[in-house]
Amino acid sequence: MRVGLLTGGGDVPGLNAAIRAVVKRGEGEHGHTIVGFRNGWRGVVDGDVTPVSRQQIRNVLPVGGTMLGTARYHPRAEDGGIDAVIATLEQERIDALICIGGDGTLHAASKVAEAGVKIVAIPKTIDNDVFGTDKSIGFDTAVWIATEAIDRLHTTAESHNRVMVVEVMGHHAGWIAVTSAIAGGAEVVLTPEEPFDIEKVVKYLKHRHRSHASFSIVVVAEGAVPLKGSAMDYEVPVGKFGEIVAGAIGERVKNEIEARTGFDARLTVLGHVQRGGSPTPTDRILGSRFGVAAIDAITRGESDVMTALHGENIVLVPLPEIAGKIKVVPADLIEVARTLA
Ligand code: F6P
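In short, a report on the structure. (Residues numbered from 1 in each chain as written. Predicted model: local features only at pLDDT ≥ 70, side-chain atom pairs only at ≥ 80, totals over all residues. Heavy atoms only, no water.)

### Some points on the packing of helix α6 (residues 175-184) against helix α11 (residues 331-339)
What counts is decided by this rule: Angles here are taken between N-to-C directions and fall from 0 to 180 degrees, while the axes themselves are lines fitted to C-alpha atoms, restricted in helices to the stretch in contact. The helix and strand labels rest on DSSP assignments: H or I over at least four residues marks a helix, E over at least two residues marks a strand, and numbering proceeds from the N terminus. Our angle categories are set so that under 35 degrees counts as roughly parallel, over 145 as roughly antiparallel, 65 to 115 as roughly perpendicular, and the remainder as oblique. What makes a crossing left-handed is the near helix being turned counterclockwise from the far one by less than a right angle; a clockwise turn instead makes it right-handed. Should any heavy atoms of two residues lie within 4.5 Å, those residues are counted as being in contact. The residue classification treats Ala, Val, Leu, Ile, Met, Phe, Trp, Tyr, Cys and Pro as nonpolar and Asp, Glu, Lys and Arg as charged. All others, Gly included, are polar.
In the contact formed by α6 and α11, the axes pass within 9 Å of each other and the chain directions differ by 40 degrees. By the angle between their axes, α6 is oblique relative to α11. The crossing of α6 and α11 is left-handed. Between α6 and α11, the contacting residues are Trp175, Val178, Thr179 and Ile182 on the first element and Leu333, Ile334, Val336 and Ala337 on the second. Broken down by class, the residue content of the contact of α6 with α11 amounts to 7 nonpolar, 1 polar and no charged.

### Brief notes about the layout of surface pockets
Quick reminder of the rule: Computed over the protein atoms alone on a 1 Å grid, cavities are sets of points where a 1.4 Å probe fits but cannot get out and pockets are open sets with protein on both sides within 12 Å along at least five of seven lines; a residue lines them when it has an atom within 4 Å of a point. Grid points are joined across faces, edges and corners, and a volume is the space filled by probe spheres set on the points. Marked domain ranges trace back to an automatic or database domain assignment.
Of the voids in this model, the largest pocket is the one considered here, and its volume is about 840 Å³. Around the largest pocket sit 27 residues that line it, and Gly10, Arg72, Asp127, His171 and Glu243 are the ones nearest its centre. Of the residues assigned to the lining of the largest pocket, the class counts are 6 nonpolar, 12 polar and 9 charged. Split by domain, the residues of the lining of the largest pocket number at least three in each of domain 1 (2-138 + 279-322) and domain 2 (140-276). Lining of the second largest pocket is provided by 15 residues; of these, Val188, Val189, Leu190, Val201 and Arg338 occupy positions nearest its centre. Going through the elements one at a time, β7 (188-190), α7 (198-211) and α11 are the ones with two or more residues in the lining of the second largest pocket.

### Structural notes on the site of the ligand
Put simply, the rule is: Being near a molecule or strand, for a residue, means having at least one of its heavy atoms within 4 Å of it. Two N or O atoms count as a polar contact when they lie within 3.5 Å, although within protein this holds only if one can serve as hydrogen donor and the other as acceptor, and sequence-adjacent residues are included solely when both atoms are side-chain atoms. Accessibility throughout is a Shrake-Rupley quantity obtained with a 1.4 Å probe, and a residue counts as covered only by protein chains that appear here.
Close to the ligand lie Arg72, Ile126, Asp127, Met169, Gly170, His171, Glu222, Ile244, His272 and Arg275. Within the side chain of Arg72, an N or O atom sits 2.7 Å from an oxygen atom of the ligand. Between the ligand and His272 there is a distance of 3.0 Å, counted from an oxygen atom to a side-chain nitrogen or oxygen. Burial of the ligand by the protein chains amounts to 76% of its free accessible area of 400 Å². A per-class count over the shell around the ligand returns 3 nonpolar, 3 polar and 4 charged. Looking at which domains feed residues into the shell around the ligand, each of domain 1 (2-138 + 279-322) and domain 2 (140-276) supplies at least three.

### Observations concerning the sheet that holds strand β10 (residues 305-310)
Note the following rule: Strands are treated as partners if at least two bridges between them are detected by DSSP.
Here we have 7 strands laid out as an open sheet, ordered β3-β2-β1-β4-β5-β10-β11, and mixed in their pairing. Strands with a single pairing partner mark the edges of an open sheet, and in this sheet they are β3 (49-51) and β11 (313-318). Going across the sheet, the axis of each strand differs from the next one's by a mean of 30 degrees, ignoring polarity. Taken together, the 5 bridges between strand β4 (residues 96-101) and strand β5 (residues 119-123) define a ladder with parallel strand orientation. Among the inter-strand pairings, Ile98 is bridged to a residue of β5, identified as Val120. In the packing of helix α4 (residues 103-114) onto the sheet, the strands contacted are β1 (2-7), β4, β5 and β10, and the crossing angle to β5 comes to about 170 degrees.

Encoded structure:
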């Protein structure tokens, strides 16, 4: 078989582990040819192909990013985009396609599958918000980086008697915020799932600083928003391409805390640091397991499915059931973060 392979959306650590697994298993065990498309769906539309064989995947396991390149490009949003995808796949004699991506890439994959292309998807996103899987590739590394940052902020916060606000990624869901807040022992965590009341945050900080502490760590997911009708008016700023503006909510929360408490406060925006660098062992293992499961599924003739982690097991879930949905943080996990503050 000739199997196409692409990585789409934001990069994450662990993508190369998945690519390597697809190639090793696909070429070595099943005798397939793996054809890489550069820069996600953009490369499929443009016919931008690159061979990925055992030679290219040497030493990529510990390397962050994606050796195939990636782009935030959705063929279904372009006139004739899906037709261009089909035309390239025919021209390259691709029998089936493996798409590694987050919600946007997987939504596009589902549309391409509807047009009759055999597709198996693999979930990746540091935000961990892909529906239908317990974990996505990249999340573990991002939580590790955010936790390390919170640990480091603790010592400087305590030395200066400051409130340190740290903004982490998480546009639609606060997985990184909540889990790194628990792991790093942060005092406050603000997430998109539960709009916050700045007065309650301030009351809590004042009480804490009056009674037993001189510093606090406040973790804010980039998609956190204030409760409608609460003390803080906030219009979510939107970037040129409709993206979230990094640092906007963090800056606002820091300013509100400073103005309402008189405490000295500072902001750290972790940004793309969370997406860069070497993957943790957990992400290398997850990427490898998803890669093997995806190419095995393709070999069995399965299509329109996504590899997923359910507990300890890798399973396949139907793409149409998950495409377009977001997996948010359950209330009980947010409660753990709050209880341990
Ligand atoms: O991949 C999701 C994400 O990490 C979001 O949390 C964040 O808003 C976005 O990527 C940033 O993307 P870009 O790399 O396009 O700035």
